[in-house]
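# Per-entry structural report
Listed below are the residues making up each chain.
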Amino acid sequence: MKTVELSKRLVKAKNPCANGFRWMLRHHPDGHDYQPLLDALVADGRVNDARWLLDQFGATSDVLRLETLSAEVVVFAGSIEVAGDIDVAGMVRAGGGVRAGGSIRTGAHLVAGTSIVAEGTIDAESVSAGADVHANSIVVTAGVRAGGGLRCSQSLFCHTDLDVAEQAMVGGMLVAGGRVRVGKSLRVRGELRSGLEVRAGDGIQVDGSIECGSHLEAGWGIRSGGDIVAAGAIRVGESLLAQGDLRAGADYGIYAGLEVQRANWDTSARVSAAVEPENLLSGHWVGRGGL
């Protein structure tokens, strides 16, 4: 493991809180290696100070490799690679990535500077990754943020927001209590349910129904094997195709072809559903069976 020496001068230059800096002067007046200092802070219950230190001095190239990992709290400046399960009562915070050959279970936040990968389930208070998030299934009591793409082989449940910078693919249901924001395409093989708006920079394809608690928007088109129901407006750049009902909220409109010239609506801004909606304000209605 690479040695990174943190002197009191280096730490003071980052403007630490007075209480935390006094702790360092009392316990490590001559400085300490980076990771042992993080470990000492966690062992003394100063988890927020350990997080602050990692935020200030960043990730290392170190890799912690274990067969299994069980702890109260983990704050590691490098990457964590575990052959089996990760089971932590509190928070897991890594400067690099977190990878498990089994499941990852935490009682608090799961945060990684790069990717988070689990062959099993991710079960945490919240999930935040600087790059991709991959798992068999995901269950969190708050939100999920991926700085890259997201791939979940089965279902994903989060009680607040899902925020993915690139593509997102969910092999089962996707249920979010808050917003769903995807920078590129969103693919869901089950149903999609969101308590607030759903926005995708590219297209949305859902095998089941879509239920959206606010506005529903895609830069390209939306295709659903069931209903498309939103409490707000429905807006797409190209086509809007539903096997079942197509409904926007009261006094809201349905807009297809926003990125297409009107002369091309019949081919690139098609709208299909079981019944033509009264509030269809743009796009070319093709009737039922337009999938």
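Our structure is the block above this text.
All figures in this text were calculated on a predicted structure; none of them were measured in a lab.

## Here's the deal with the sheet that holds strand β5 (residues 74-76)
On the basis of which strands lie adjacent, the open sheet formed by 12 strands has the order β5-β8-β11-β14-β17-β20-β23-β26-β29-β32-β35-β37 and parallel pairing. Both outer strands of the open sheet, β5 and β37 (280-282), are each paired with one neighbouring strand and no more. Judged from the three bridges that link them, β5 and strand β8 (residues 92-94) form a sheet pairing that is parallel. Each bridged residue has a counterpart across the sheet, and for V75 the counterpart in β8 is R93.

## Comments concerning the sheet that holds strand β19 (residues 156-158)
Spatial strand order, β4-β7-β10-β13-β16-β19-β22-β25-β28-β31-β34: 11 strands in an open sheet with parallel pairing. Among the strands making up the open sheet, the edge pair consists of β4 (69-71) and β34 (246-247). Relative to β34, strand β31 (residues 228-230) runs parallel, the two sharing two bridges. Across the sheet, the residue bridging to V229 is R247, located in β34.

## Some details on the layout of surface pockets
Take a probe with the size of a water molecule and roll it over the atoms, and the empty space left behind shows itself. Empty space within the largest pocket amounts to approximately 210 Å³. Lining the largest pocket we find 14 residues, and of these G203, I204, G221, I222 and R223 sit closest to its centre. Counting only elements with at least two residues in the lining of the largest pocket, the list comes to β24 (186-188), β27 (204-206) and β30 (222-224). For the lining of the largest pocket, the residue count by class is five nonpolar, five polar and four charged.

## Some words on unusual backbone geometry
A positive phi angle, near 65 degrees, is found at D251, a position not held by glycine. Of note, D251 is situated in the loop between β34 and β35 (254-255). Judged by its relative accessible area of 85%, D251 is exposed.

## Here we look at the pairing of strand β16 (residues 137-140)
When strand β13 (residues 121-124) meets β16, the two strands line up parallel, connected through four bridges. The residue of β16 that forms the bridge with D123 is V139. The sheet contact formed by β16 and β19 spans three bridges and is parallel. Each bridged residue has a counterpart across the sheet, and for V139 the counterpart in β19 is F157.

## Quick notes on the pattern of salt bridges
Counted under the stated rule, the structure contains 13 salt bridges. As a salt-bridge pair, R46 and D49 come within 2.6 Å of each other at their nearest N and O atoms. Looking at R46, the relative accessible area reads 18%, which means it is buried. Its relative accessible area of 19% is what places D49 among the buried residues. Measuring nitrogen to oxygen at the nearest pair gives 3.4 Å for the salt bridge that ties D161 to R181. Here D161 is found in the loop between β19 and β20 (162-164), whereas its partner R181 is found in strand β23 (residues 180-182), with 20 residues between them in sequence. We classify D161 as partly exposed; its relative accessible area is 22%. A network of salt bridges, in which partner residues are shared, links D85, D87 and R105.

## Describing helix α3 (residues 34-43)
Looking only at α3, the buried set comprises Y34, Q35, L37, L38, L41 and V42. Down the axis of α3, the smallest arc covering the buried residues is 160 degrees, so these residues share one side. Positive backbone phi, approximately 80 degrees, marks G45, located one or two places after α3.

## Concerning the packing of α3 against helix α4 (residues 47-57)
Interhelical geometry of α3 versus α4 gives an angle of 155 degrees and a closest axis separation of 7 Å. As far as their axial angle goes, α4 and α3 are roughly antiparallel. The chirality of how α3 crosses α4 is left-handed. Taken together, the residues of α4 that come into contact with α3 (itself represented by Y34, L37, L38, L41 and V42) are V47, D49, A50, L53, L54 and F57.

## Side note on the environment of T267
Checked against the element boundaries, T267 lands in helix α5 (residues 265-268). Residue classification places T267 among the exposed positions, given a relative accessible area of 52%. On a C-alpha basis, the gap between T267 and E238 in space is 9.3 Å, while along the polypeptide they are 29 residues apart.

Calculation notes
Along each chain, residues carry numbers from 1 onward, in the same order as the chain's sequence is written. Only residues with pLDDT of at least 70 get local features here, since the model is predicted, and only at 80 or more are side-chain atom pairs given and counted; chain-wide, interface and lining totals rely on the full set of residues. Only heavy atoms go into the side-chain values, all of them from the structure, while hydrogens and water stay out. A pair of strands is considered paired only if DSSP assigns at least 2 bridges between the two. Counting from the N terminus, the helices are DSSP H or I runs at least four residues long and the strands are E runs at least two residues long. A cavity here means a set of points on a 1 Å grid, drawn over the protein atoms and nothing else, where a 1.4 Å probe fits but cannot get out; a pocket is an open set with protein on both sides within 12 Å along at least five of seven lines, and a residue lines either one if it has an atom within 4 Å of a point. Grid points are joined across faces, edges and corners, and a volume is the space filled by probe spheres set on the points. Three categories are distinguished: nonpolar for Ala, Val, Leu, Ile, Met, Phe, Trp, Tyr, Cys and Pro, charged for Asp, Glu, Lys and Arg, and polar for the others, with Gly belonging to the last. Summary of the burial criterion: residues with accessible area below 20% of their type's maximum are buried, those above 50% are exposed, and those between are partly exposed, where the area comes from a 1.4 Å probe applied to protein chains only. Here, a salt bridge means any Lys or Arg side-chain nitrogen found within 4 Å of an Asp or Glu carboxyl oxygen. By construction, the arc corresponds to the directions joining the helix axis to the C-beta atoms. Simply put, an axis is a line fit to the C-alpha atoms, just over the touching stretch for a helix, and the angle between two N-to-C directions goes from 0 to 180 degrees. Just so you know how the angles are binned, under 35 degrees is roughly parallel, over 145 roughly antiparallel, 65 to 115 roughly perpendicular, and the rest oblique. Left-handed describes a crossing whose near helix is turned anticlockwise from the far helix by less than a right angle; the clockwise case is right-handed. Contact between two residues is taken to exist if any of their heavy atoms lie within 4.5 Å; hydrogens are not considered.

By themselves, these figures tell us nothing about what the structure is for.
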